[in-house]
Amino acid sequence: MPRRLVDARRTAKVRGGAARGRSGRAATAVLAAALAATLAACGGVGSGGGAGGGDGTTGSQSSLTTMGFGLPDEIATVRVDAFKKARPDVALRINEGQFDEQAFLSAVASGNAPDVVYLSRDRIGSYAARGAIQPLDGCVSEQNIPTGDFYPAAQQQVKYDGKWYGIPEFYNSIVLVVNNKAAKDAGVDPAAVDTSDWDGLAKLAEKMTRTDGGKIERFGFYPKLPEFLPLWAKANGADILSADGRVSKLNDPKVAEALDYASRLVESQGGWTKLKAFTETFDYFGEGNPFVKDQIGAMLTEQFVVTAMAGTTPDADITVLPFKDRQGNPVNNVGGNAWVIPKGAKNPDAACTWIKTMTAADTWVAAARARADKRAKEGKAYTGTYTGNAEADEVIFSELVKPSGKKAFDDAVKVIRSVQEAGFVVPQSAAAAEFKKAWEDAGTRVLQGSQNAAESLARAHTEAQKAIDEATS
Amino acid sequence: MKKGAEERTSGEKGAAEKGAASGAAGGEAVAGKAAAEGGRRAGRAGRVRPETRWAYVFLLPWLIGLVLFQAGPMLASLALSFTDYDLIGAPEFAGTANYARMTEDPKVARAIGNTVVYTLLHVPLAIILALALALVLNRITGRAAGAFRTIFYLPSMTPYVAVGVLFLFLLNGQAGMVNAFLALFGVEGPQWTTDPDWILMGIVLMSLWNLGSTTIILFAALRNVPRELSEAAMIDGAGAWQRFRAVTLPMISSALFFVVIINTISSLQMFDQVYTMFFGNQIAQQSYGDAALFYVIYLFQQAFQFLHMGYASALAWVLFVVIAIITLIQVKVGNRLVYYEAEEHAG
């Protein structure tokens, strides 16, 4: 099933379908807003009890409520079991489902916050700046969470204003996946595809593209704009935000140059509107993925697309390569989820234990071992679990991941591991959501042809800086 | 036939019929109007008619809900619209800054533009199409009639979110059925879901899926048109079009007026389907820019994505006032154009 449609279905599920109509949503929002006015301020986790005033106990047993997390597989269940073993005194309630911003904020505002929340790391800055989530420095020190185990980029992404606001879970890297057939059709060795040579890449993209009348049959090179704009900017030697998250750098000419190049790549292969419609039909995670169906020549993607292909289409003829900057060095914009504790959590101490347990190296290794065993029983290769914990990954990839006999995927694992060191993140900002929206819209305007890169990014820079200034004032 | 005609000369009966029609459609406005008309006439007669009393009884649950769950939060949001409020901290008084900000925000202008264009396209198209369907339904008699009415109404049972997902498939420019159909005639269809020049048109197309309620209201009105009037016109030599224009249209004008108002309001509040299609997940949010940015979607983004609750409340109140003004104008204009059979007889 195409990814967007899967997402849309998830949206339907999470949003509760017809149960919440337009007026219902508006009423809920405003009611939540009105209730929020009565809430008191709170402190951090680990500094002596729950900020919400309650102790999270029901009778003699304390409770822990999660949000944004589910139990779809052994990677989740094994770690949850580890927590249950560590804290048998805690009654665990897992509210399964994806993180829903509206539900989360309404819960916090109305004083019914869950104890621990699983969300995308790039949201942390906005919530931290507004006090919707608590600093975890006390939790880290009291429970001796070995923060040095986490990848540096992941550490950076869960910190705001020098404080820990989250603990990272997975560590998603971006790699280049080449469809060997498309490369060979273009007369190129797939392993020799070099993204540091922008002129060469543009020519290769056109060669790999195949159209029939007005329809695209194979898109040569999918640069994944606008979502990968920070990656393209980095490849051109630019950051889009200052390290302290207070100064937009979207007006850097190198960012404009990168956006201009990547958008011209799209244009030369048929244009954005056709590409977007074409990619909406893709089933990235199924047996009919775009590489097997020869719909893509090469694309930038998160590594989980590759690991999914290892399970669904182990004979896919692909080559996975690092994405390189213009100097030829690997560059990798990493991301993933994190655990945070919201304002008003009734049992922050148990939440802290949960976070520590879920992200600890030994818990990850146990979960990965369960996954490897399951794969072995199914007769499938285990290509690893890419956690935010570097210590765990070291064990997983040295002891549990074995050569599968499928060279493409065995090589892919090595490549993904090799680019992890090159991981970078866009720094957290008090206006993280507005900042992201500004550069995404800028990229979309350029792709749609309504503005050139410099003009569009100049507008985005103004919007973003204004939002940052307002959020930090 | 004579008996039926006599019944329709009763003003209260006419009002009750209008109320019943609105009840089938879930529209409170006509019910309210019916109740108001009934009340006015009852006042003239010096007593409250049983129908009026029952109308209030049936309206009571909704009125209680209105006061408890809508009026209170609405007043709270009015107060919040004069504050800087992020949902987490305490609101800070900001005067009229949120309203002033709207005049400088280019996205507000874009959202208003998209919403207005959509409304101007959707409302007439939806009503013309629904009227055509209602006319077809009105001609179907016998056992098949019930089945056809059900079939025509079924699309309205589809949840909005499902409709959004469905039309992502149908309107896809590369593999969708709409363009596949156009290709049969040698027409290369546009990129409905990705080309900013066509996204709004695609949304209008999608909106025509949910015509069931409008169709049923107009169908009910058509059923109430006295057959003897058409027959008299026919005897006088009027053709089909003349009968439709001079007899049917005036007789259903009150129902038409109602569906114009309801469709206008719902168009200005468009949210669910468009949000599902173009804003429902992170990838979608990244990819479409402002081409599908409707006013309520922008309001929602400001509230829950950027936590600007004060600004979002101001946006909501401006929309409320605009809808109220538009509805008032429609009522004033409608009073000149709409033929109320009941008032005619009462006068």
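Sequence order as written defines the numbering, with residues in each chain counted from 1. Chain letters and ligand numbers both follow the written order, the letters beginning at A and the numbers at 1. Since the coordinates come from a predicted model, pLDDT governs what is reported: local features require at least 70, and pairs of side-chain atoms require 80 or more to be given and counted, while whole-chain, interface and lining totals use all residues. For side-chain calculations, the full set of non-hydrogen atoms in the structure is used, while hydrogens and water are omitted.

**Observations regarding the pairing of strand β11 (residues 296-302) of chain A**
Taken residue by residue, a regular strand's side chains alternate between the two faces of the sheet. Residues and elements named next belong to chain A. The rule is simple: take the accessible area with a 1.4 Å probe, protein chains only, and divide by the maximum for that residue type; under 20% is buried, over 50% is exposed, in between is partly exposed. Helix numbering and strand numbering both begin at the N terminus, where a helix is a DSSP run of H or I of at least 4 residues and a strand a DSSP run of E of at least 2. Most of β11 is tucked away, with seven of its seven residues classed as buried. Note that strand β8 (residues 174-179) and β11 share five bridges and pair antiparallel. The partner of Val175 across the bridge, within β11, is Thr301. Any two strands are treated as partners once DSSP identifies two or more bridges connecting them. One ladder, built from three bridges, connects strand β10 (residues 215-222) with β11; its direction is parallel.

**Structural notes on the UniProt feature "transmembrane region" (unreviewed entry) in chain B**
All names here are of chain B. UniProt positions are given in the numbering used here, feature names are shortened, and annotations may be inferred rather than shown by experiment. Look at the UniProt record and you will see "transmembrane region" (unreviewed entry) annotated at residues 54-76, 116-137, 158-186, 198-222, 243-263, 283-300 and 312-331. Secondary structure content for residues 54-76 is 100% helix and 0% strand, while the C-alpha to C-alpha distance between its ends is 32 Å. The span residues 158-186 is 66% helical and 0% strand by assignment, and the distance between its end C-alpha atoms comes to 32 Å.

**Some details on the confidence of the model for chain A**
Residues and elements named next belong to chain A. Taken as a whole, chain A shows an average pLDDT of 87; of its residues, 87% reach a score of 70 or greater. When the criterion is pLDDT under 50, residues 1-44 qualifies, and its contacts beyond four places in sequence or with other chains add up to 93 contacts. Here pLDDT means the predictor's own confidence in every residue, given as a number from 0 to 100. Contacts were defined at the residue level, with two residues in contact if any of their heavy atoms lie within 4.5 Å. Ignoring residues within four places in sequence, the model shows residues 46-59, a span with pLDDT below 50, making 28 contacts including any to other chains.

**Description of the packing of aromatic side chains**
The rule is short: rings of Phe, Tyr and Trp, with Trp giving its six-membered ring, pair when the centres are within 6.5 Å, and they are stacked under 30 degrees, edge-to-face over 60, tilted in between. Throughout the structure, instances matching the rule amount to 35 aromatic pairs over all chains. Aromatic ring contacts, followed pair by pair, group Phe69, Phe83, Tyr118, Trp339 and Trp354 of chain A into a single cluster. Geometrically, a lysine NZ or arginine CZ counts as sitting over a ring once it is within 6 Å of the ring centre and also within 35 degrees of the ring normal. The lysine or arginine in question, Lys224 of chain A, covers the ring of Tyr284 of chain A, its NZ or CZ lying 6.0 Å from the ring centre. Above the plane of the ring of Tyr311 of chain B lies Arg101 of chain B, whose end atom (NZ or CZ) is 4.1 Å from the centre.

**Examining the pattern of salt bridges**
Residue and element names in this part refer to chain A. Each salt bridge in this description consists of a side-chain nitrogen of Lys or Arg and a carboxyl oxygen of Asp or Glu lying within 4 Å of one another. Under the counting rule described, the total for this entry stands at 27 salt bridges over all chains. Residues Lys436 and Asp122 are paired through a salt bridge, measuring 2.9 Å at the closest nitrogen-oxygen approach. You can see Lys436 sitting in helix α18 (residues 432-448) and its partner Asp122 sitting in the loop between β4 (116-120) and α5 (124-130), a full 314 residues away along the chain. The exposure class assigned to Asp122 is partly exposed, which follows from its relative accessible area of 27%. Across the pair Glu434 and Arg130 runs a salt bridge whose closest N-O atoms are separated by 3.6 Å. Of this pair, Glu434 sits in helix α18 while Arg130 sits in helix α5, placing them 304 residues apart in sequence. Look at the salt bridges and you will find they share partners, linking Lys181, Asp185, Arg210, Arg218 and Asp294 into a network.

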